[in-house]
Structures are given as structure tokens and as C-alpha cells.
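Analysis of the macromolecular model
Chain by chain, the residues:
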Amino acid sequence: MRIVITGIPAFVKLQQQVIDCLFLCRSAKIFLTIINFALIIRVKSLTKSKRIANVEEKPDIFKLYGSGRSRVRSGGRVWRGGSAGGDAELRILFIGNSFTKDAVEHLPGILKAMGIDKVKMTHMYYGGRTVPEYNNGFATVNDYRCYECNPGAAGWTESMNKTIKEVAASEQWDVVTIQEHTGKVNAWKWTSAEKEALQGLIDNVKSTQTGAMPKFYYILSQAYADPALVSYSQQTVIVNNFASSQADMYAAIVAQGKKVMAEVSFDDVIATGTVLQNLRTSKLQNSMDMTRDGYHMDYGIARYAASCAVFEKLISPAFGGVTLDGNTFRYTTSNSTAGSYSTPVTDANAPIALQAARYALATPYAVTDMSDIDQEKPDNGIEDTEFDDDKNKE
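Let us now look at the packing of helix α8 (residues 232-242) against helix α9 (residues 246-263). Contact pair α8 / α9: the axes reach a minimum separation of 9 Å and the direction vectors enclose 85 degrees. Relative to α9, the element α8 is oriented roughly perpendicular. Every residue of α9 that contacts α8 at V237, I238 and F242 is listed here: Q246, D248, M249 and A252. In terms of residue class, the contact of α8 with α9 is made up of 5 nonpolar, 1 polar and 1 charged.

Counted under the stated rule, the structure contains 15 salt bridges. Across the pair R303 and D102 runs a salt bridge, and its minimum N-O distance is 2.9 Å. Residue R303 is located in helix α11 (residues 301-315), and its partner D102 is located in helix α3 (residues 98-104); the two are separated by 201 residues in the primary sequence. The buried category is assigned to R303, whose relative accessible area is 7%. Among the salt bridges present, the one from D347 reaches R330, with a minimum N-O distance of 2.9 Å. Of the two residues, D347 sits in the loop between α11 and α12 (350-362) while R330 sits in the loop between α11 and α12, which places them 17 residues apart along the sequence.

We now examine the sheet that holds strand β11 (residues 215-219). If you trace the 7 strands from one edge of the open sheet to the other, you get β9-β8-β7-β6-β10-β11-β12, paired in mixed fashion. Edge positions in the open sheet fall to β9 (157-159) and β12 (268-270), since each of these has one partner strand only. Each neighbouring strand pair of the sheet contributes to a mean axis angle of 25 degrees, computed without reference to strand direction. In this sheet, strand β8 (residues 145-149) lies alongside strand β7 (residues 119-125) in antiparallel orientation, the contact comprising 5 bridges. Across the sheet, H123 pairs through a bridge with Y147, a residue of β8.

For the rest of this paragraph, the subject is the confidence of the model for the protein. This prediction gives the protein a mean pLDDT of 81; 73% of its residues lie at or above 70. Within the model, the stretch residues 38-85 combines pLDDT values under 50 with 94 contacts to residues more than four positions away or in other chains. A low-confidence stretch, residues 376-394 (pLDDT under 50), is modelled with 31 contacts involving residues beyond four sequence positions or located in other chains.

For the structure shown, the criterion picks out 7 aromatic pairs. On the basis of an interplanar angle of 75 degrees and a centroid distance of 5.0 Å, the ring pair of W188 and F242 is categorised as edge-to-face. Here the residue W188 occupies a position in the loop between β10 (175-179) and α7 (192-206), and F242 occupies one in helix α8, the gap between them amounting to 54 residues. Each member of the pair, W188 as well as F242, carries the same accessibility label: buried. Note on Y304 and F329: the rings are 6.2 Å apart at their centroids and 20 degrees apart in plane angle, and the pair reads as stacked. Residue Y304 is found in helix α11, and its partner F329 is found in the loop between α11 and α12; the two are separated by 25 residues along the sequence. Taken as a pair, Y304 and F329 share a single burial class, namely buried. Among the aromatic residues, ring-to-ring pairing joins F99, Y224 and Y295 into one connected group. The ring of Y147 is capped by K101, whose NZ or CZ atom sits 4.0 Å from the centre of that ring. R129 extends its terminal NZ or CZ atom over the ring of Y144, reaching a point 5.0 Å from the ring centre.

A positive phi angle is found at A243, which is not glycine, with a value near 50 degrees. Tracing the backbone shows A243 in the loop between α8 and α9. When its relative accessible area of 66% is taken as the criterion, A243 is described as exposed. The residue M290 is not glycine, and still its phi comes out positive at about 65 degrees. One can find M290 in the loop between α10 (272-280) and α11. Residue M290 is classed as buried on the basis of its relative accessible area of 0%.

Cut-offs applied
Residues numbered from 1 in each chain as written. Predicted model: local features only at pLDDT ≥ 70, side-chain atom pairs only at ≥ 80, totals over all residues. Heavy atoms only, no water. Axes fitted to C-alpha atoms, helices over the stretch in contact; angles between N-to-C directions. Helix = DSSP H or I, 4+ residues; strand = E, 2+ residues; numbered from the N terminus. Parallel < 35°, antiparallel > 145°, perpendicular 65-115°, else oblique. Contact = heavy atoms within 4.5 Å. Nonpolar A, V, L, I, M, F, W, Y, C, P; charged D, E, K, R; others polar. Salt bridge = Lys/Arg side-chain N within 4 Å of Asp/Glu carboxyl O. Buried < 20%, exposed > 50% of the residue type's maximum accessible area, 1.4 Å probe, protein only. Pairing = 2+ DSSP bridges. pLDDT = per-residue confidence, 0-100. Phe/Tyr/Trp six-rings, centres within 6.5 Å; stacked < 30°, edge-to-face > 60°. Lys NZ or Arg CZ within 6 Å of the ring centre and 35° of its normal.

Here it is as C-alpha cells:
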């Protein structure tokens, strides 16, 4: 039997006393039985008085979850107190605009289908906003849409009137992602101002945290489609800056990503833009170039592929390396209207989307040709994919 005391500062002293007594007591098993019995009585008393919540008993473990966010170190691991949305083992803060929303929108459904109910996610969103703007308004601007997905929830809930600083300080985050607006020069032209803004935003988030710092990831965004597919307000981005060439725009975004990773203290990159480029080489390619409006991702399969990359990069390592092979989440909306284009996620195309994501994780700065991959793959056929011999591997 082992005793884990989580999120209740008042019990820290008692826990240490238990450990100290173990060295003095010849019959540890009897001693622990007595202590466990005493703790059960005490917990029931505190529960009735509403001083603690979320009591959980198991045959080999007795956990107490505090109602606050205080933390107690036990056995070298940091255990966090429960929150209103349940007990999270992984907390992720996404900072970014609509391109980030493309990357994370389907994560709640994927998590639900996987049976993982220990992840808390928050996305601070404002359409069209750049990293310098996020950084400059870190403590003062509160016009964001704050999308939250608490552990076990099947979707996102929205709230307003919060600054990034408030949200950052509200949790001890494990992971923070930052994404630049791909439609602005900030995403494809390296300047000292952009470097300072990215590092400044990282440092500002760190200033709200205590103890172990979160890991920071840069989400590398996507290149636009053919200008004929892009809404008029965004056509000039690819026409004037890249002579209407998607390949040139993607190359500029990649070059920027390499600069970011070399000169800013990010831990790693998640290239959702490369996920989309990979899909564009596959048999799933469509008349909208895998977008809904020429520059945002298709509501269905493209967003799903991007979420696969985020899941396997950030969430899989925290849960024993679990993969999305055989995941049953399906997005069923079909729409062929420009601006709302949506390709349903099916048993046939989901494996290809996952493959596109995995290639992007293995080779984030290069497109992998997927034209020879059939739409239907028996048993998902992806789990044995090897990247060691991939010529594009960085």
C-alpha cells in the first residue's frame, strides 16, 4: 500500500511525519494500516466540512485532491490539485489566431474517442492578431475569445474579458504553444522585432509560473492556395509577396520557422503547415486545395490532420506514447460551398490524415509526397511507418 497526498498543504507535515516514523517502526505494515485508517477518518471529517473535495479511494492508493491549485511534491513527482473541470495530468495553453483554431479544433473529440479525460486545454484566440500584438497587450488586452476544454469535455466552451496574463497565471501549464499569423509578414520575414516579440511572450508567460516551467512549442502555419480560391482581402498576400506561388510562400514560412527555432527559446516545432502540404500531395487533394476558403484549413479532414499532429506531439508522450491508430473520432459534416468547405473524416481517409501528420512531425521543414498512398489502408497500416530512411528527415 502507498499513500499519496495531493494538493492539500495542511497534510505536508503529516506526510513527512509518516515517512519519518517508518524508519523508527519495526512493523511498517501495521503502522501504515493504522495511519491509513486515521487518514480515512480525517478525510471523511474534512469532506463533511467541505474543506476538501474529490476524494478517491483505490485498493492500493489513497488520494486526496484539494479544491485549489496548490501543489505538493510526493516521491519526486508534482501532483496538482483538482480544478472545476476535473483532475488534469496535462495542461496545455494555446496562444494564436484562426490558424491555431484550425490546428486544435478537433482535439476534444479525439481525446473523447481515446478515452483520455486528464487533459485541460485553453486557447486564447483573436482573429488576425500577430505575436507582437499578443506580447504588447499581454497584461492589458482582454478582447480575446478564451476557448476552454476541461478534462473529459467533448468540446470547447467560450468566455470573454480575460487577458493572456490572467489565463497564464490561472494554471501551472505543462505546455504552451505560440503561432504567428501566416497572412502577415511576421510569419515569413525575420526581424529583430519579431524575435523580441516571440521571446518576450515566452518570458511573460514564464513570469506567471512557479516551479517547473512549461515547454514551449512554435506552430508553423500553412501556405495559401491558388489566389483564385482565396478571398479578395487575402489575395494580395500571395500575389504581391510570392508572385502567386504557394511553393514560394511555403518556403518562406519554413525559413522563418528555422530562424525561430534557432534564435528563440522554443523547445520544438509543430509544423501544421507541412501537414497541409503533405495532404495536398495525397489522393485526398480537392478543388479547394484542402482549404475551406483558400487559406484556412478544410473544416473536416485538414483540421483533423493538424489535430493529429498536435496530439501525437504534445499529448501522446504524456500518456505512455499512446497513438491515434484506430481512433474512432469522426467529423461528419460535408459542405462543398467555398468559404465553408468541409470534407468529412471517414474510416477511409482518417489514416491518410494521420500519415500526413506523422510525416510532418518527422520532417517538419519539407513536404513528403503522399501520391502513392491508397485511400484505403487495411488495419490503418500506419503504425509500422518508419522515418529513419526518409530523405527529408531533418
